[in-house]
Amino acid sequence: MDYFPVFLDVKSRRCLLVGGGDIATRKGRLLARAGARLCVVAPEISAELQTLAEQGGGEWHLRSYRHDDLDQVVLVCAATDDYALNERISQEAQDRYLPTNVVDSPALCSFITPAIVDRSPLVVAISSGGEAPVLARSMRARLETLIPQQYGQLAQLASRWRERVKQALPEADRRRFWEKVLQGPIAEQVFSGRVAQAEEAMTEALDAQDFVDTRGEVYLVGAGPGDPELLTLKALRLMQQADVVLYDRLVSPRVMELVRRDADRIYVGKRRHEHSMPQENINELLLKLAQEGKRVLRLKGGDPFIFGRGGEEIDRLAQHRIPFQVVPGITAASGCAAYAGIPLTHRDYSQSVRFITAHLKTDNPNLSWPELALPGQTLVFYMSLIGLSDICQTLIQHGRGESTPAALVEKGTLSEQRVLTGTLADLPKQVAESEVHGPTLLIVGEVVQLHRHLGWFRPGENDSQKTDDSED
Ligand code: SAH
């Protein structure tokens, strides 16, 4: 280790900053965030830096550096573009044993500043010892995505409760208690902004001494349409901390690879004719696992609240007061449309979009076909492969033009994605000839014709020669 890592308390203490340009301003911001009283010296000083100095009870001087600027300061930063001057400041400051930093000149520094992830009071500092700053910054970017923004609030909660927990629990139990709190439902409540409930849960947990077997929890998470890059940060975080995962056919293997390695995996099926586990059993299993104290991840394709029966699954949990959270995902309609270059709405062609389940019969009284057949709207049919021909015919019968463009997107967003385009009149025939398997999504409306212009650049798209309408 080339440097000794420390966190310095500069609150209300004078810190000298020599320089007034962009780089000095950046340093100044950081020092001000830590509560420093800035003393800024430079022939020119940015307006922001002047304000920062004034707000923190410091001062600024429009002149060159002088030796006596080092009087009564606890720290020195030089950020001028004059190497000789930087060198002189470094020499003089270190002669006085002051911690000294010269921007971009590690040789002139007695300390260097790390890249930071700020979740105050929790702060992560990363340093490559000045050897590979770009690497340190990319590590920071990765941590930024992994550590929830509300981590600071969790640390604040821990700090508020520290004394009380200390009084209430013997040392041996304390660590386990905090582990439960900081990794369990209470932490999740803080992350989702429900701090008041988290406080209540803390009181309950302490009163009940219920810190060994706290209840489990369930995360109902949308895994998106297939491409793992379409997962949300929240989905990824919960996937990394689950003890057990229940998933079905629509969750792509590449998404499953991102689930914590040692989590138990339970396949609950759901192919059209292969209900490997009836819905009622899934609901029961979720409840049972949570009651055992497990963190249960229910991973669903797309968005859990769009044709996903997510509502039924959490209903049972709510009855039994099991904590749960629902994480939205990119639904197949958004994913397939974007990756196929079909905007779902468009000022010129379509002013609204409807998501429809085709799992229903075309004579279902709940679907108003005359309404669906009106122009100027986009229709997206989920679960539509079997009923495709029926749907197209019924739309035509109710007045939607035979030449209305329609597309079937197969395995949308995955590298095997195929887009078959045609019209209401001829799409079913094309599909019948093309060995389509699914999952597939049917998009009907004038916007589909834009696929020609917007769809060409999609890498990995694999339109079949026979059925594609592209012109090459
Ligand atoms: N909750 C899911 C939908 C579940 S219903 C969501 O929000 O996307 C299952 C149907 O979704 C499938 O029959 C198919 O119509 C559609 N679907 C899901 N993933 C798809 C994909 N990658 N490509 C095409 N259609 C998909």
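Residues numbered from 1 in each chain as written. Predicted model: local features only at pLDDT ≥ 70, side-chain atom pairs only at ≥ 80, totals over all residues. Heavy atoms only, no water.

1. Overview of the domain arrangement of the protein
Operational definition: Bear in mind that the domain bounds are from an automatic or database domain assignment. Contact definition: two residues touch when any of their heavy atoms are within 4.5 Å. Buried area is calculated as the accessible area (1.4 Å probe) missing from two parts once they are joined, with the contributions of both summed. We define a salt bridge as a side-chain nitrogen of Lys or Arg found within 4 Å of a carboxyl oxygen belonging to Asp or Glu. Only DSSP runs of H or I with at least four residues qualify as helices, and only runs of E with at least two residues qualify as strands; both kinds are numbered from the N terminus onward. Gly falls in the polar group here, along with every residue not listed as nonpolar (Ala, Val, Leu, Ile, Met, Phe, Trp, Tyr, Cys, Pro) or charged (Asp, Glu, Lys, Arg).
Taken domain by domain, the protein holds domain 1 (1–113), domain 2 (151–208), domain 3 (217–330) and domain 4 (333–454). Using C-alpha coordinates to define each centre, domain 2 is positioned 26 Å away from domain 3. Between domain 2 and domain 3, the residue contacts involve seven residues of the former and ten residues of the latter. Roughly 580 Å² of surface becomes buried between domain 2 and domain 3 when both sides are summed, with 34% attributable to carbon and sulfur atoms. Considering only the surface of domain 2 that becomes buried against domain 3, Q183, P185 and E188 emerge as the three largest contributors, covering 64% of it. The interface formed by domain 2 and domain 3 contains one salt bridge. Its salt-bridge partner being E188, residue R237 comes within 3.0 Å of it at the nearest N-O pair. Of the residues forming the side of domain 2 that touches domain 3, the biggest block, three residues, is contributed by helix α7 (residues 185–191). Along the lines of polarity and charge, the residues of the side of domain 2 that touches domain 3 split into two nonpolar, three polar and two charged.

2. What to know about the site of the ligand
The condition is simple: Think of it this way: one heavy atom of a residue within 4 Å of a molecule or strand is enough to make that residue near it. Definition of a polar contact: a pair of N or O atoms within 3.5 Å, with one able to donate and the other able to accept a hydrogen when the atoms are protein atoms, and with sequence-neighbouring residues admitted only if both atoms are side-chain atoms.
Neighbouring the ligand are 18 residues; D303, I306, T331, M383 and T440 lie closest to it. Backbone polar atom of P225 to a nitrogen atom of the ligand: 2.9 Å apart, as the coordinates give it. A distance of 2.8 Å separates a nitrogen atom of the ligand from a polar atom in the backbone of G412. Those elements that place two or more of their residues in the shell around the ligand are α13 (332–340) and β17 (440–444). Broken down by class, the residue content of the shell around the ligand amounts to eleven nonpolar, five polar and two charged. Inspection of the shell around the ligand shows a minimum of three residues originating in each of domain 3 (217–330) and domain 4 (333–454).

3. Points about the sheet that holds strand β10 (residues 264–267)
We count it as follows: One requirement defines pairing of two strands: DSSP has to find at least two bridges between them. A fitted line through C-alpha atoms serves as each axis, taken over the contacting stretch for helices, and the angle formed by two N-to-C directions is quoted from 0 to 180°.
Strand order across the open sheet formed by five strands is β10-β9-β11-β8-β12, with parallel pairing between neighbours. Where the open sheet ends on each side, the last strands, each with one partner, are β10 and β12 (324–327). Recorded for the sheet is a direction-independent mean angle of 15° between the axes of neighbouring strands. Bridge analysis of strand β9 (residues 244–247) against strand β11 (residues 295–300) gives four bridges, and the strand direction is parallel. What sits directly across from V245, in β11, is L297.

4. Quick notes on the state of the cysteines
Going by this rule: Any two cysteine sulfur atoms within 2.5 Å of one another count as a disulfide. Partly exposed residues are those whose accessible area sits between 20% and 50% of the maximum for their type, while under 20% is buried and over 50% is exposed, using a 1.4 Å probe and protein chains only.
The full count for this structure, using the stated rule, is zero disulfides. In this structure C15 is a free cysteine whose sulfur lies 7.6 Å from that of C77, the closest cysteine sulfur available. On the accessibility criterion, C15 (0% relative accessible area) is buried. On the accessibility criterion, C77 (2% relative accessible area) is buried.

5. Quick notes on helix α11 (residues 279–291)
Rules: One less than the number of residues in a helix, times 1.5 Å, gives the span that helix is expected to have.
Along its 13 residues, α11 runs 19 Å from first to last C-alpha, staying within 8% of the 18 Å computed at 1.5 Å per residue. Every buried residue of α11 is accounted for by Q279, I282, N283, L285, L286, L287, L289 and A290. The secondary structure elements touched by the buried residues of α11 are β8 (217–222), β9, β10, β11 and α12 (310–319).

6. Description of the pattern of salt bridges
A complete count under the given rule lists 28 salt bridges for this structure. The closest approach of N and O atoms between D118 and R33, which form a salt bridge, is 2.8 Å. Residue D118 is located in strand β6 (residues 115–119), and its partner R33 is located in helix α1 (residues 22–33); the two are separated by 85 residues in the primary sequence. A relative accessible area of 29% means that D118 is categorised as partly exposed.

7. Side note on a nonpolar patch on the surface
Basically, it comes down to this: To count toward a patch, a residue needs a relative accessible area above 30% and no salt bridge. Like charges then connect within 9 Å, nonpolar side chains (Val, Leu, Ile, Met, Phe, Trp, Tyr) within 5 Å. A 1.4 Å probe and the Shrake-Rupley method give the accessible areas. Residues count as covered only by the protein chains that appear here.
Together, F307, V353, F355 and M383 make up an exposed nonpolar region whose accessible area comes to about 300 Å². Note on placement: F355 falls in strand β13 (residues 352–357). Its relative accessible area of 32% is what places F355 among the partly exposed residues.

8. What to know about the packing of α1 against helix α2 (residues 47–55)
The description of two packed helices rests on the angle between their axes and on the distance between the axes. Formally: Angles below 35 degrees are treated as roughly parallel, those above 145 as roughly antiparallel, those between 65 and 115 as roughly perpendicular, and all remaining angles as oblique. A clockwise turn of the near helix away from the far one marks a right-handed crossing, whereas an anticlockwise turn of less than a right angle marks a left-handed crossing.
Between α1 and α2, the least distance of the axes is 9 Å, while the angle of their chain directions is 25°. As far as their axial angle goes, α2 and α1 are roughly parallel. The way α1 lies across α2 gives a crossing that is left-handed. Contacts between α1 and α2 involve A24, T25, G28, R29 and A32 on the former and, on the latter, E48, L49 and L52. For the contact of α1 with α2, the class distribution of residues is four nonpolar, two polar and two charged.

9. Thoughts on the nonpolar core
Applied cut-off: In these notes, a set of buried Ala, Val, Leu, Ile, Met, Phe, Trp, Tyr and Cys residues joined through side-chain atoms within 4.5 Å is what counts as a nonpolar core.
If you look at the biggest cluster of nonpolar residues, it comprises 20 residues, and the most contacted ones within it are F381, L395, L427, L442 and V444. In this structure, L442 is in contact with L379, V380, F381, S384, L388, I391, A406, A407, L408 and L427, ignoring residues within four places of it in sequence.

10. A few points about α1
Which entries qualify depends on this criterion: Note that the arc is computed from the directions linking the helix axis to the C-beta atoms.
Relative to the 16 Å expected for twelve residues at 1.5 Å per residue, α1 spans 17 Å between its end C-alpha atoms, a close match to the ideal helical length. Among the residues making up α1, those that are buried are A24, T25, K27, G28 and L31. Buried residues along α1 cover an arc of 165° about the axis, so they all sit on one side. Among the exposed residues of α1, those pointing more than 90 degrees away from its buried face are D22, R26 and R33. Elements that come into contact with the buried residues of α1 comprise β1 (14–18), β2 (37–42), α2, β4 (75–78) and β5 (100–102). Residue G35 follows α1 closely and has a positive phi angle near 85°.

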